[in-house]
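One-letter residues, chain by chain:
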Amino acid sequence: MAVLQEAFPARKRRPSLGAFVSPNFSDQKLLRSLFIVSQEISSLQPLRILLKKTSASIIRKSRLISILFEELVRNPANVFPPSAALCFEELYIVLQRIKVLLEDCSSCSKMWLLTQIPSISSSFDQLMVELSTILDILPLKELNLIEDVEELANLIKKQCSEKATDCVDRDDENLRTEVFKMLDNIKREIVPDHSKLSEIFERLNLSDSTSCSNEIENLEDEVQNQNDDKSKADVIALIGLVRYAKCVLYGASTPRITTRRQKSAGEVNVPADFRCPISLDLMRDPVVVSTGQTYDRSSITMWIESGHATCPKTGQPLAHTQLIPNLALKNLIAMWCRDQKIPFESTEVNVKPNGVVLNKTALEAIKMTVSFLVNKLTASQTTEVVDRLVHELRILAKTDSDSRTSIAEAGALPLLVKFLGSEHPSLQINAVTTILNLSILEANKTRIVETDGVLNGVIEVLRSGATWEAKGNAAATIFSLTGVHAYRKRLGKKTRVVKALLDLARSGPTNSKRDAMMAILNLAGDREAVGKLIEGGVVDMIGDVVDTLVEEAVAILEVVVKRGGLVAISAAYHGNLIKKLTTVLRDGSDRAKESAAATLVNICRKGGSEMVAELAAITGIERVVWEIMGTGTGRARRKAATLLRILRRWAAGLIGEHFNTQSSSTVNMTSTRIVLPA
């Protein structure tokens, strides 16, 4: 008679198997375990906001049960009859489930709990029925209990068998109805009544900006706990409501003092299955191509748009260019990012198959929130108030593409321009980071470039921002914009952009250096920009940072060599270039080894027999290349195989002074390398 899992709300977060399977305990250990779990339930506080009566009643009954088992532990029977042992096992399961459900309700989102009141109340009611049934069939007479203990057991049976007149508290149900009415009004583009909104949030004890922010975080976690798209959409609508109420009722929150953006995927060890085979970065939007391989959408799109008609990983021809979302993998990545505290777009609401908006409530809530914030920005405000408002836009722009679209369409970009030159460091950081977050959406890249003053403002922050964080985020914005080929060429022609990026890469803190180098890497994809970079001192910059930011430095080196910068680099390194690259090939990360192998291939092809001879003279080089062929990434293995062929042709005397060979089996993907921003 174990409790069925179906008796609980359908969610991905499930209790352990021990809450469903009978324990394999001895009689005495089972008694002690029943005493402990009933005590644990008794020590819990009744829910303070919702389900107060239900939770208090269950905890009271659990206290009586704990007293019963305390007596049984003190005066144990030698042997239980089999029927009693079976009842105790089932009772243990029910108590475990009660404990799990109470703990879940106390720690989850209040808004989500409110919407689930009927199902959760039904779950508690079902557990009470199970508890009552077990106690009814418990053979008390066969346990030879003393009179007081038997009376206590009968009292517990009586209380558990008393069915509540209504398993749902009327106040809870009325509040739930009010919330659903408000969500329906938002869906119909009716702005919520301020007094009614305030009353609902006060009753839920969401009485300030901080509690609303915590509630939003809980709801964002709840999205990943849901099993189906409709449930996820419902939770996302609640996020929109709470975010709107937070701004309207309590004002924009005070920006938290941080020295850096949230942790990025580049700062943790990303599982191999979560990395895009092209960029080797965490996939944000995994899609499947016709060969069955999965890539990040932006990477494979650029690969296809650059004229390739084959699968980058397998080399097979693509039967078609349709990209199919890999939703299962995306959900796994989202859950991993949540555990790692890495930002990830897990609350996308505006999926439009055939142009249909699936979650209009959430979308309208976003638009109302954005409208409120932008209207406040247009009014005369103190610097501190403006900083809080822009900070809210920054947070909103980080959440999903619908928010980015709404913010841009509401006319926020022209307002943000004047804050880029602010002498208030926090305001400048928030303004440039909001623009960075907006730039993630492809349509917004054009808006940023074409809106008067925005691009120049970002460039000025890059050159002379008040903080390293502001400069780093400006560099990340340049990186984002250079994902568009036309803007890459345009920005690569600007000497002040190139100089500012190189200066930041040389002298900034590590995270800012990395932002600058990612932007430089994108710029280097254009041959004309490579000339500007070489003139600006990119070779010296690589030498300065190659020992600390190996992956980024070698990636830039690879592209510069490919785009015609070999002479300048060779002159700067005075014969040490190949030795440095060989060291990376031996000791670097998978990503660095891949870039080093590709760079060495290009050096040998472009530099002639002299370069090949220098590489061949390095002790153990063939063994290092063999190791890469066996353990490297797919691209690294292909490059290593090409390198080995070059070395063997040189050893056989088949490579002359003017050596240049192109292996048809080698796929070069440098020009499509994409590194996503944090």
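All values derive from a computational prediction rather than experimental measurement.

About the thresholds
- Residues numbered from 1 in each chain as written.
- Predicted model: local features only at pLDDT ≥ 70, side-chain atom pairs only at ≥ 80, totals over all residues.
- Heavy atoms only, no water.
- Helix = DSSP H or I, 4+ residues; strand = E, 2+ residues; numbered from the N terminus.
- Contact = heavy atoms within 4.5 Å.
- Areas by Shrake-Rupley, 256 points an atom, 1.4 Å probe, with all protein chains shown as cover.
- Phe/Tyr/Trp six-rings, centres within 6.5 Å; stacked < 30°, edge-to-face > 60°.
- Buried < 20%, exposed > 50% of the residue type's maximum accessible area, 1.4 Å probe, protein only.
- Lys NZ or Arg CZ within 6 Å of the ring centre and 35° of its normal.
- Core = buried A, V, L, I, M, F, W, Y, C linked by side-chain atoms within 4.5 Å.
- Pairing = 2+ DSSP bridges.
- Axes fitted to C-alpha atoms, helices over the stretch in contact; angles between N-to-C directions.
- Parallel < 35°, antiparallel > 145°, perpendicular 65-115°, else oblique.
- Left-handed = near helix turned anticlockwise from the far one by under 90°.
- Nonpolar A, V, L, I, M, F, W, Y, C, P; charged D, E, K, R; others polar.
- UniProt positions renumbered as here; feature names shortened; annotations may be inferred.
- pLDDT = per-residue confidence, 0-100.
- Salt bridge = Lys/Arg side-chain N within 4 Å of Asp/Glu carboxyl O.

Student: Help me understand the overall build of the chain, please; the structure alone is not making it clear to me.
Tutor: Within the chain, the secondary structure is distributed over 31 helices and three strands. Once local pairs closer than 6 in sequence are excluded, the contacts in the chain between residues at least 24 apart make up 73%. Taken as a whole, the chain presents about 29,800 Å² of accessible surface, with 51% of it coming from carbon and sulfur.

Student: Looking at this structure, how should I read the packing of aromatic side chains?
Tutor: Given two aromatic rings, one states the distance between the centres and the angle between the planes to describe the pair. Counting across every chain of the model gives two aromatic pairs. On the numbers, 6.0 Å between centres and 70° between planes, the contact of Phe274 with Trp336 is edge-to-face. Note that Phe274 is positioned in the loop between helix H10 (229–250) and strand S1 (286–288) and Trp336 in helix H12 (residues 327–340), a separation of 62 residues in sequence. Take Phe274: its relative accessible area is 11%, and that puts it in the buried class. One Lys or Arg, Lys471, reaches over the ring of Trp468 and ends 4.9 Å from the middle of that ring.

Student: Before we go on, may I ask you to explain the nonpolar core in this structure?
Tutor: Proteins that are soluble and globular tend to have nonpolar side chains buried together. By size, the foremost hydrophobic cluster in this structure holds 103 residues, and its most contacted members are Ile478, Leu501, Met541 and Leu585. Setting aside its immediate chain neighbours within four residues, Leu501 contacts Leu462, Ala475, Ile478, Ala516, Ala519, Ile520 and Leu523. In this structure, Leu31, Ile58, Cys160 and Ala245 belong to the second largest nonpolar core, which totals 79 residues.

Student: So what exactly am I meant to see when it comes to the sheet that holds S1 here?
Tutor: Whenever strands of a sheet pair, they do so through backbone hydrogen bonds, lying parallel or antiparallel. As summarised here, the arrangement of the three strands in space is S2-S1-S3, forming an open sheet in which the pairing is antiparallel. At either end of the open sheet lies a strand with only one pairing partner, and these are strand S2 (294–296) and strand S3 (324–325). Across the face of the sheet, helix H11 (residues 297–305) comes into contact with S1, S2 and S3 while running at roughly 95° to S2.

Student: Could you clarify how one ought to interpret the packing of helix H16 (residues 412–420) against helix H19 (residues 454–464) in this entry?
Tutor: Two quantities define a packed helix pair, namely the angle between the helix axes and the distance between the axes. Two numbers describe how H16 lies on H19: the axes approach to 9 Å, and their chain directions differ by 30°. The angle between H16 and H19 places the two elements in the roughly parallel class. For the pair H16 and H19, the sense of crossing is left-handed. On the side of H16, the interface is formed by Leu413, Val417 and Leu420, while H19 contributes Val454, Gly457, Val458 and Val461. Residue composition of the contact of H16 with H19, grouped by class: six nonpolar, one polar and no charged.

Student: Got a minute to help me understand the UniProt feature "coiled-coil region" (unreviewed entry) in the chain in this structure?
Tutor: As annotated by UniProt and renumbered to match this structure, "coiled-coil region" (unreviewed entry) occupies residues 209–236. Here residues 209–236 runs as 89% helix and 0% strand, with 19 Å between its end C-alpha atoms.

Student: Looking at this structure, I do not really get the confidence of the model for the chain. What am I missing?
Tutor: Caution applies to low-pLDDT parts of the model: their predicted coordinates are not meant to be read in detail. Summarising the model, the chain shows a mean pLDDT of 83, and 86% of its residues fall at 70 or more. Low confidence marks residues 257–263, where pLDDT is under 50. Its contacts with residues over four positions away, or in another chain, come to 23 contacts. Note that residues 661–678 has pLDDT below 50 and, in this model, 66 contacts with residues that lie over four places away or in other chains.

Student: Would you mind showing me how to read the pattern of salt bridges here?
Tutor: Between side chains of opposite charge, pairing is possible as soon as their charged atoms come close. The tally for this structure, following the rule as stated, stands at 31 salt bridges. Lys360 is the salt-bridge partner of Glu189, the closest N and O atoms lying 3.1 Å from each other. On the criterion of sequence distance, the pair formed by Glu189 in the loop between helix H7 (170–187) and helix H8 (194–203) and Lys360 in helix H13 (residues 360–378) is long-range, its members being 171 residues apart. Between Glu364 and Lys360 there is a salt bridge, with the nearest N and O atoms lying 3.3 Å from each other.

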